[in-house]
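Topology and contacts: notes
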Amino acid sequence: MGLEEDIDAIEEEIANTPYNKSTEAHIGRLKSKLAQKKEKLQNQSSAGGGQGYAVEKTGDATVALVGFPSVGKSTLLNALTNAESEVGSYEFTTLDVNPGMLQYRGANIQLLDVPGLIEGAADGRGGGREVLSVVRTADLVLFVLSVFEIDQYDRLREELYNNKIRLDSRPASVSVSKNIKGGLKVTTSGDVGLDESTIKEVLREYDYINADVTVREELTIDRLVDALMDNRVYLPSLVSVNKADLIEPDYLETVNDQLRDRDIDPETAVFISAEKEKGLDSLKESIWESLGLIRIYMDKPGRGVDYEEPMVVRRGDSTIDDVLDKLGSDFRQRFRFARVSGPSAKHDEQQVGMDHELQDEDVLRLIMRR
Ligand SMILES: Nc1nc2c(ncn2[C@@H]2O[C@H](COP(=O)(O)OP(=O)(O)OP(=O)(O)O)[C@@H](O)[C@H]2O)c(=O)[nH]1
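Residues numbered from 1 in each chain as written. Predicted model: local features only at pLDDT ≥ 70, side-chain atom pairs only at ≥ 80, totals over all residues. Heavy atoms only, no water.

1. A word on the sheet that holds strand β4 (residues 140-146)
Strand order in the open sheet formed by six strands is β2-β3-β1-β4-β10-β11, and the pairing between neighbours is mixed. Looking at strand neighbours, the two that pair on one side only are β2 (98-104) and β11 (270-271), the edges of this open sheet. Bridging between β2 and strand β3 (residues 107-113) involves seven bridges; their strand directions are antiparallel. Note that in β3 the partner of L102 across the bridge is I109. With respect to the sheet, helix α5 (residues 152-162) is in contact with β1 (61-66), β4 and β10 (237-242), its orientation differing from that of β4 by roughly 150°. (Pairing = 2+ DSSP bridges. Helix = DSSP H or I, 4+ residues; strand = E, 2+ residues; numbered from the N terminus. Contact = heavy atoms within 4.5 Å. Axes fitted to C-alpha atoms, helices over the stretch in contact; angles between N-to-C directions.)

Structure representation (structure tokens):
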């Protein structure tokens, strides 16, 4: 049997096996097998090409615009950035990846308009795999939906999932450390939703024979398999609903219902008209928030505070240590301490050390050795 037949057979068996405690371990084993065979198939089909677009990542963060053809991605890119992207009223005008730079609050945010993601993309049809490889390297997925085709969201998410992109979640808290002997030892913090035998069954499929396994949260078989595969990427996502200028106000509730059906809060989805340049300020704000960017105003000796060009870092990567990383080794060597004023400071000019976490709009002065 070839790989594809194997995959079909396993998928069929999973579909035909009722899920309950007595079959859970068996399903766990099947799902692990399936993930590995799919991996093998994808590696085979991308051999000898399909390395993906060489898009150079620049700026403070990168956002991938993901949507079907003709939903208005090029129009949106043009409206938000300084890029000159070709716009056409027919499908597939975007033949290659189109980068543009959005300048917002002193940050340079790279937007990548990728060719329409179509059904079967994850299998390598229609050039979709190249698109997906670009998406994988982004910091945020921006779904661009047309107000009349909210259902396209399902297919887009499915394509991303099949290409190992996990949205709006973190890797499951699972750690495995190999031993020389002693078999598999599973430690769980309370009821994690899977039997110990299932966890062991899955691990065995990944060739763990002697290992300590710790599972610290409730999880599904799929999440456990994801945690054991090292090529899953976890990205935040944001939904924009374009062509909002084309609907009558009383149709809005229908759209909102369609969003809710897909677990999208209509309050967090951003309604825009790329063509009429409406809603773009809210969209920029949401992109900023979703990326978790913060501004640090540097107080430069002799020049005062630079409010024009803040240093932009990600929340969570915003300690003094991280700032020194960005500034380079000379700064690190000469660093003595820092003074911070603003949201993260207890008082103006607070003296802080390396571990201090900065917040948006802090003013930072570095005291250096001469
Ligand atoms: N009414 C209206 N039309 C829009 C809007 N945004 C885009 N369009 C139109 O929709 C059509 C497709 O827009 P594009 O920007 O080329 O769409 P795309 O998603 O980049 O499509 P591909 O390049 O094929 O991937 C064009 O005729 C645009 O003028 C909008 O907000 N409102």
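Next comes the rest of the description.
2. Section: the pattern of salt bridges
This model, assessed by the stated rule, comprises 31 salt bridges. Notably, a salt bridge pairs E201 with R29, separated by 3.8 Å at the nearest N-O pair. Taken together, the positions of E201 in helix α6 (residues 196-205) and R29 in helix α2 (residues 24-45) put the pair 172 residues apart, joining distant regions of the chain. E201 serves as the salt-bridge partner of R204, at 3.9 Å between the closest nitrogen and oxygen. Of this pair, R204 and E201 are both found in helix α6, three residues apart, which corresponds to roughly one turn of the helix. According to the relative accessible area criterion, R204 is partly exposed, its value standing at 44%. Several salt bridges share partner residues, and in doing so they unite E39, K164, R166, D226 and R232 into one network. (Salt bridge = Lys/Arg side-chain N within 4 Å of Asp/Glu carboxyl O. Buried < 20%, exposed > 50% of the residue type's maximum accessible area, 1.4 Å probe, protein only.)

3. A short note on the side chain of S344
Among the secondary structure elements, S344 is positioned in the loop between β14 (335-341) and β15 (350-352). Relative accessible area serves as the criterion here: at 13%, S344 is assigned to the buried category. Among the polar contacts made by the side chain of S344, one reaches the side chain of D362 at a distance of 2.6 Å. Excluding anything up to four places from it in sequence, S344 contacts Q350, H356, E357, L358, Q359 and D362. (Polar contact = N/O pair within 3.5 Å; in protein donor to acceptor, adjacent residues only side chain to side chain.)

4. A few points about the environment of K33
Looking at the element boundaries, K33 is found in helix α2. When its relative accessible area of 29% is taken as the criterion, K33 is described as partly exposed. It is 6.8 Å that separates the C-alpha atoms of K33 and E205, two residues lying 172 residues apart in sequence. With near-sequence residues (within four places) excluded, K33 lies in contact with I10 and E205.

5. What to know about the pairing of strand β13 (residues 304-314)
Taken together, the seven bridges between strand β12 (residues 293-300) and β13 define a ladder with antiparallel strand orientation. Counterpart to R295 in the pairing with β13 is V312.

6. Focus on the confidence of the model for the chain
Predicted confidence across the chain gives a mean pLDDT of 87, with 88% of residues reaching 70 or more. The low-confidence segment residues 47-53 (pLDDT under 50) makes 12 contacts with residues lying over four places distant or belonging to another chain. Within the model, pLDDT remains below 50 along residues 88-95, and this stretch shows 14 contacts once partners closer than five positions in the same chain are excluded. (pLDDT = per-residue confidence, 0-100.)

7. As for the sheet that holds β12
Within a sheet, adjacent strands bond to each other through the backbone by hydrogen bonds, running parallel or antiparallel. The five strands lie next to each other as β13-β12-β16-β14-β15, forming an open sheet whose pairing is mixed. Because the sheet does not close on itself, it has two edges, and the strands there are β13 and β15. If you compare each strand with its neighbour and ignore which way they point, the axes differ by 35° on average. Of the strand pairs in this sheet, β12 and strand β16 (residues 362-368) are connected by three bridges, and their pairing is parallel. Within the sheet, the bridge partner assigned to I296 lies in β16 and is D362. Sheet strands touched by helix α10 (residues 320-327): β12, β13, β14, β15 and β16. Its angle to β13, the strand with the most contacts, is close to 100°.

8. So, the nonpolar core
Among the nonpolar cores identified, the biggest contains 51 residues, and V63, L76, I109, L142, F143, L283 and I287 are the most heavily contacted of them. Per element, the largest residue contribution to this core is six residues, and it comes from β4. For I287, the residues in contact, after removing those within four places along its chain, are V63, L102, I109, L140, L142 and L238. One finds V186, Y208, V215 and V225 within the second-largest nonpolar core, a separate group that totals 22 residues. (Core = buried A, V, L, I, M, F, W, Y, C linked by side-chain atoms within 4.5 Å.)

9. Looking at the pairing of β10
Residues in a regular strand project their side chains so that they alternate between the two faces of the sheet. Most of β10 sits out of view: six of its six residues are buried. Along β10, one buried face is formed by S237, V239 and V241 and the opposite face, lined by L238, S240 and N242, is buried too. Pairing between β10 and β11: two bridges, direction parallel. Its bridge partner lying in β11, V241 is registered against F271. Viewed along the sheet, the connection from β10 through helix α8 (residues 252-261) into β11 turns out right-handed. (Right-handed = clockwise from strand over helix to strand, strands pointing away.)

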